[in-house]
Amino acid sequence: MSTSLRAQDLDLLRRPLHGFLTIAGGPQPPQPRPVWFEAADDGTIQLFTGPDTAKVRQLQRDPRASLVVAAPVGEHEHWVSVTGPATVERDGADELLHRLAARYWDLDDPRRAAELAEMSAQNWLRVVIHPDKVSGYAM
């Protein structure tokens, strides 16, 4: 267990995999949701969300969050879990949206490019997880 991401963690996190985000706040047990994410150069994990989502409301009540990412079936076991306080930022969300869309989608596909254009017209927030605990396993 550590407070920073290791090189092998970053190798996994920089792949176009879904992360499973869990937020602590709420009356029910945490319910992980698949998300696009980015491991930023400053050691944080970033994702985007709409301003009126349950994620934002829950983070306002309790900023604790975690993201778990695992290698796909058929590969050697490798997973990373990042836990820490999360902040909701108004700046940088649109740029993050575009970086992640280019990572997860083929933007030469006209259908995907149109989806991105539609998404770009919406209002987004950036969620930033500041790791205070990093754990993982790599075979």
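Residues numbered from 1 in each chain as written. Predicted model: local features only at pLDDT ≥ 70, side-chain atom pairs only at ≥ 80, totals over all residues. Heavy atoms only, no water.

The name an unreviewed UniProt entry assigns to the protein is Pyridoxamine 5'-phosphate oxidase-like protein, from the organism Mycolicibacterium tokaiense.

## Some details on the pairing of strand β7 (residues 125-129)
Going by this rule: With a 1.4 Å probe rolled over the protein chains alone, any residue whose accessible area is under 20% of its type maximum counts as buried; one over 50% counts as exposed, and the rest are partly exposed. Secondary structure is summarised from DSSP: a helix means a run of H or I of at least four residues, a strand means a run of E of at least two, and numbering begins at the N terminus for each. A pair of strands counts as paired when DSSP detects no fewer than two bridges linking them.
Taken across its five residues, β7 has five buried, putting it largely inside the fold. Where strand β4 (residues 45-49) and β7 come together, five bridges link them in antiparallel fashion. The residue bridging Thr 49 from the neighbouring strand is Leu 125, located in β7.

## Some remarks on the side chain of Gln 46
Test applied: Under this definition, polar contacts are N or O atom pairs within 3.5 Å; protein pairs additionally need one hydrogen-donor-capable and one acceptor-capable atom, and for neighbouring residues in sequence, both atoms have to be side-chain atoms. Any two residues whose heavy atoms approach within 4.5 Å are treated as being in contact.
Tracing the backbone shows Gln 46 in strand β4. Overall, the relative accessible area of 7% leaves Gln 46 in the buried class. At a separation of 2.9 Å, a polar atom in the side chain of Gln 46 contacts the side chain of Arg 126. When neighbours within four sequence positions are excluded, Gln 46 is seen to be in contact with Trp 36, Phe 37, Glu 38, Ala 40, Leu 96, Arg 126, Val 127 and Val 128.

## Here we look at the nonpolar core
Put simply, the test is: In plain words, nonpolar cores are sets of buried Ala, Val, Leu, Ile, Met, Phe, Trp, Tyr and Cys residues tied together by side-chain atoms within 4.5 Å.
In terms of nonpolar packing, the biggest core is built from 35 residues, with Leu 5, Leu 13, Leu 21, Ile 45, Phe 48, Leu 67 and Ile 129 touching the most fellow members. Elements with a minimum of two residues in this core: α1 (7-13), β1 (19-23), β4, β5 (64-70), β6 (78-89), α3 (93-104), α4 (110-120) and β7. Those residues in contact with Ile 129, other than ones at most four positions away along the chain, are Leu 21, Thr 44, Ile 45, Ala 65, Ser 66, Leu 67, Val 82, Gly 84, Pro 85 and Ala 86.

## Comments concerning the pattern of salt bridges
Should their charged atoms come close, side chains of opposite charge can pair. Counted only if it meets this: We define a salt bridge as a contact between a side-chain nitrogen of Lys or Arg and a carboxyl oxygen of Asp or Glu at a distance within 4 Å.
This model, assessed by the stated rule, comprises eight salt bridges. Arg 126 serves as the salt-bridge partner of Asp 91, at 3.3 Å between the closest nitrogen and oxygen. In this pair, Asp 91 sits in the loop between β6 and α3 while Arg 126 sits in strand β7, placing the two residues 35 residues apart along the sequence. Asp 91 sits in the partly exposed class, given a relative accessible area of 47%. Residue classification places Arg 126 among the buried residues on the basis of a relative accessible area of 13%. The salt bridge partner of Glu 115 is Arg 111, with a shortest N-O separation of 3.5 Å.

## Digging into the packing of α3 against α4
Filter applied, for reference: Here an angle of 0 to 180 degrees is reported between the N-to-C directions of two axes, which are lines fitted to C-alpha atoms, with helices fitted over the stretch in contact. Throughout this description, any angle smaller than 35 degrees is read as roughly parallel, any larger than 145 degrees as roughly antiparallel, any in the 65 to 115 degree range as roughly perpendicular, and the remainder as oblique. The hand of a helix crossing depends on one turn: near helix anticlockwise from the far one by less than a right angle means left-handed, and clockwise means right-handed. Ten residue types, Ala, Val, Leu, Ile, Met, Phe, Trp, Tyr, Cys and Pro, are classed as nonpolar, four, Asp, Glu, Lys and Arg, as charged, and the remainder, Gly among them, as polar.
Where α3 meets α4, the closest approach of the two axes is 11 Å, and the angle between their N-to-C directions is 165 degrees. Considering the angle they form, α3 stands roughly antiparallel to α4. For α3 against α4, the interelement crossing comes out right-handed. Between α3 and α4, the residues in contact are Asp 94, Leu 97, His 98 and Ala 101 and Leu 116, Met 119 and Ser 120, respectively. In terms of residue class, the contact of α3 with α4 is made up of four nonpolar, two polar and one charged.

## Overview of the confidence of the model for the protein
To keep things clear, this is the line we draw: Residue-level confidence of the predictor is summarised by pLDDT, bounded by 0 at the bottom and 100 at the top.
Averaged over every residue, the pLDDT of the protein is 93; the share at 70 or more is 97%. β7 holds the highest mean pLDDT among the elements of the protein, 98, whereas helix α2 (residues 54-61) holds the lowest, 91.

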